[in-house]
Amino acid sequence: MSYSLQDLLVCMARLRNPETGCPWDLKQDFASILPHTLEEAYEVADAIERQDWPHLEEELGDLLFQVIFYGQMATERDLFSVNSVIDKLVAKLIRRHPHVFPEGTLESERDTGISPEEAEVNANWDAIKREEKRLKAQQGIIEAEDTGLLADIPVTLPAMNRAVKMQKKASKVGFDWTHIDGVLDKIREELQEVEAEIASGDQAALESEIGDLLFAVTNLARHRNIDPEVALRGTNQRFYQRFTDVEQQVEQRGGWDKVSQDDMEAAWEAAKQRQEQAD
């Protein structure tokens, strides 16, 4: 027997049934489920990076369940439903892809002899999104001031991801360095300001300058088409592997209190060399 999306909806409704449902599921609300949603999204990312496809299938199911959970709670409060979520999503995808659905319907198809350039598609996408925001502001769905270029970037995104999105948006209107040298100069400038605040002892100012430095380094990654989040996760994993190797070396010497700083440095270099040879 193979279960379907409809079966999942029925399962969710039963879990939330006030009389016969699960006590844990019944006591949840939008706020309490949010941390689980974020966790599931990161587990999906982890499975993809490890190319663990069987695990990815399972994690995508867990993430889908989060969407169904929100839909069920919204249905109970007459806010929206899973069906209305799907309806709005499909309508938005059709509206934003006129090069695929030229007549604005799911059934319409474009002439296979016409292949729009990616730049043209991206420009149309941005124009359509701007018009959507204008109409929402006109209808009172969002505030007029929320129609700015950066307004639709969620503030709850991980800081590095939000930085990249803002930089990309600003770059589209020409607010960007035209050459990588400008980005590198900015990093050097921000590093000097960090050093100055370390010397001053002003902790609040130091926090601000470190943020500026991270933003500048993130911009460098963007200019070289590198996802800084992926890059940092790779570094985290390499550090984890090397430090685990160091731990094993230290244990063979009797523990952390038995080794010097120089011993730790030598162990780290040995671990680094082994990892590079393995790669």
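Located above this text is the structure these notes cover.
We now turn to the structure provided with this report. What you see is a predicted model; the values in this text were computed from it and never measured.

**Concerning the overall build of the protein chain**
The helix and strand inventory of the protein chain stands at 11 helices and zero strands. The order of α-helices and β-strands along the protein chain, N terminus first, is α-α-α-α-α-α-α-α-α-α-α. Computed over its C-alpha atoms, the radius of gyration of the protein chain comes to 25 Å, more than 25% above the 19 Å expected for a compact globule of 279 residues. Each principal axis of the C-alpha distribution contributes one length, and for the protein chain these read about 70 × 55 × 45 Å.

**Quick word on the side chain of Gln28**
Within the fold, Gln28 resides in the loop between helix H2 (23–26) and helix H3 (30–49). A polar side-chain atom of Gln28 sits 2.8 Å from a polar atom in the side chain of Ser32. Setting aside residues no more than four positions away along its own chain, Gln28 makes contact with Arg16, Ile33, Phe69 and Met73.

**What about the side chain of Gln249?**
Here Gln249 lies in helix H10 (residues 228–252). With residues near it in sequence (within four places) discarded, Gln249 still touches Ala267, Ala270, Ala271 and Arg274.

**Focus on a nonpolar patch on the surface**
A cluster of nonpolar side chains, contributed by Leu5, Leu64, Val67, Ile86, Val90 and Leu106, occupies part of the molecular surface with about 470 Å² of accessible area. Elements that contribute at least two residues to the nonpolar patch include exactly helix H4 (53–76) and helix H5 (82–96). On the secondary structure map, Leu64 appears in helix H4.

**Quick look at the nonpolar core**
Counting seven residues, the largest nonpolar core is built from Met12, Ile33, Ile68, Phe69, Tyr70, Met73 and Val82. Residue contributions to this core peak at four residues, all from H4. Apart from residues lying up to four places away in sequence, Ile33 is in contact with Trp24, Gln28, Gln66, Phe69, Tyr70 and Met73.

**Focus: the packing of helix H1 (residues 5–15) against H4**
Put simply, H1 and H4 touch, their axes get as near as 10 Å, and they point 55° apart. Taken together, H1 and H4 sit at an angle that is classed as oblique. The handedness of the crossing between H1 and H4 comes out as right-handed. Residues Leu5, Leu8, Leu9, Met12, Ala13 and Leu15 of H1 touch H4, and the partners they reach there are Leu64, Phe65, Ile68, Phe69 and Gln72. Class assignment of the residues belonging to the contact of H1 with H4 gives a composition of 10 nonpolar, one polar and no charged.

What counts and what doesn't
Position numbers for residues start from 1 in each chain and track the written sequence from start to end. Restriction of local features to residues with pLDDT of at least 70 applies here, the model being predicted, together with a cutoff of 80 or more for giving and counting side-chain atom pairs; totals for whole chains, interfaces and linings are based on all residues. Hydrogens and water molecules were not included; the side-chain quantities draw on all heavy atoms of the structure. Starting at the N terminus, helices and strands are each numbered in turn, a helix being any DSSP run of H or I of at least four residues and a strand any DSSP run of E of at least two. Atoms considered for the radius of gyration are the C-alpha atoms alone. The globule rule reads 2.2 Å times the number of residues to the power 0.38. A 3.5 Å cut-off defines polar contacts: any pair of N or O atoms within that distance qualifies, except that in protein one atom must be a possible hydrogen donor and the other a possible acceptor, and neighbouring residues in sequence count only when both atoms are side-chain atoms. Contacts: residue pairs with any heavy atoms within 4.5 Å of one another. For patches, a residue must show more than 30% relative accessible area and have no salt bridge; joins then use 9 Å for like charges and 5 Å for nonpolar side chains, namely Val, Leu, Ile, Met, Phe, Trp and Tyr. Every accessible area reported is derived by Shrake-Rupley at a probe size of 1.4 Å, with residue values counting cover from the shown protein chains alone. What counts as a salt bridge is simple: a side-chain nitrogen of Lys or Arg found within 4 Å of a carboxyl oxygen of Asp or Glu. Note on terminology: a nonpolar core comprises buried Ala, Val, Leu, Ile, Met, Phe, Trp, Tyr and Cys residues joined through side-chain atoms within 4.5 Å. Relative accessibility thresholds used throughout: buried, under 20% of the residue-type maximum; exposed, over 50%; partly exposed, between the two (1.4 Å probe, protein chains only). For every element, the axis is a line fit to its C-alpha atoms; helices are fit only across the contacting stretch, and the angle between N-to-C directions ranges from 0 to 180 degrees. In this scheme, roughly parallel covers angles under 35 degrees and roughly antiparallel covers those over 145, while 65 to 115 is roughly perpendicular and the rest are oblique. We call a crossing left-handed when the near helix sits turned anticlockwise from the far one by less than a right angle, and right-handed when that turn is clockwise. As a working rule, the residues Ala, Val, Leu, Ile, Met, Phe, Trp, Tyr, Cys and Pro are called nonpolar, Asp, Glu, Lys and Arg charged, and the rest polar, with Gly in that last group.

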